[in-house]
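# Understanding the architecture of this molecule
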Amino acid sequence: MNIVVFDSGIGGTSVLEHIQKKLPHAHYFYFMDNLYMPYGKLSLTDLHQRLLGTLKAAIQRVPRIDLIVVACNTASTQGLDMLRNSTHIPIVGVVPAIKPACIISKKNIGLLATPATVESSYTNTLIQQYALNKSVYLYGSTALVHLAEEKFWKGSISIAKVRDELQKLSIHSNVDCLVLGCTHFPFLKKEIQTVLGDQILLVDSGAAIAERAFYLMKDDSFDTLNPVPSLREPHLPQYFSTAPVPSTNIAVECISLT
């Protein structure tokens, strides 16, 4: 089973980790378009062009793709339908966890995402559909995307940098549930929680996306020779990027999108 994961940077690996736990026997191929990271700053035309380029690159390099996971909220909210119309391969997207947050929250919720996700019509539709009796405060940040990348590649981050950005955003005191609406942000969960305090619950979509991937692939998750895939040694993902990465700890093949 071959599963391809897309993102503009390393944020999608937060989703990949959840999927690997549900489907440890699958082969994973991770494509990051870090040359154009973060996607939240791109025009819709440029975003669609990059996504189509990534799709083409994946099809060229992966013999038979069983599932594509677009592990980027911006790409999912603004390009999922376009991608699905461009291939027969099943595609799962990531959307902000507004519905579960509204169920959990006793006050009001906040959405912390990239500006493009915050401003998307899809996000507005989710809010109108599920936040019937709650206010939803919207916070857009690309700085946190870069801080998440820095933490991933360097292993640590100054909490002061996270605090400075959150102070600029000024999270409302009436928010008790904050949706991490960018797949990069779970890498900063510890720092965000420390800055905001335990009175705010942080929610992301990683586990839900893994459940969806498992549901779609469950018919292929067992074979007659090895009926317990969870006992098999998991395969290491293959990584591809469109720009050099600042670390040699992970083998990454640099590609160009044409």
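Here the residue numbering is sequential within each chain, running from 1 through the sequence in written order. This being a predicted model, a pLDDT of at least 70 is required before a residue's local features are given, and a value of 80 or more before pairs of side-chain atoms are given or counted; all residues contribute to the totals for chains, interfaces and linings. Calculated side-chain values reflect all of the structure's heavy atoms, with hydrogen atoms and water omitted.

## Comments concerning helix 2 (residues 44-61)
Helix length check: helix 2, at 18 residues, gives a terminal C-alpha distance of 26 Å against a target of 26 Å (1.5 Å per residue), a fit within 8%. Three exposure classes are used, based on accessible area relative to the maximum for each residue type with a 1.4 Å probe and protein chains only: buried under 20%, partly exposed in between, and exposed over 50%. Secondary structure elements are defined from DSSP: runs of H or I of at least 4 residues count as helices, runs of E of at least 2 residues count as strands, and each element is numbered from the N terminus. Among all positions in helix 2, only Leu47, Arg50, Leu51, Gly53, Thr54, Leu55, Ala57 and Ala58 are buried. In this fold, the buried residues of helix 2 make contact with strand 1 (2-7), strand 2 (27-32), strand 3 (67-70) and helix 3 (73-84). A helix's residues, less one, multiplied by 1.5 Å, set its expected span. Throughout, a contact is declared for two residues whenever any of their heavy atoms are within 4.5 Å.

## Regarding the packing of aromatic side chains
Note on ring pairs: Phe, Tyr and Trp rings are taken, using the six-membered ring of Trp, and paired if centres are within 6.5 Å. Classes follow the plane angle, with under 30 degrees stacked, over 60 edge-to-face and the rest tilted. The full count for this structure, using the stated rule, is 5 aromatic pairs. Ring plane angle 10° and centroid distance 4.5 Å describe the contact between Phe31 and Phe240, whose orientation is recorded as stacked. Of this pair, Phe31 sits in strand 2 while Phe240 sits in strand 9 (residues 238-241), placing them 209 residues apart in sequence. Of the two residues, Phe31 and Phe240, neither departs from the other in class, the shared state being buried. Judged by centre distance (4.9 Å) and plane angle (85°), the ring pair of Phe152 and Trp153 falls under edge-to-face. Taking relative accessible area as the criterion, Trp153 reaches 10% and is therefore assigned buried. An aromatic cluster of three or more residues is present, and its members are Phe6, Phe31 and Phe240.

That's the geometry; what it means functionally is another story.
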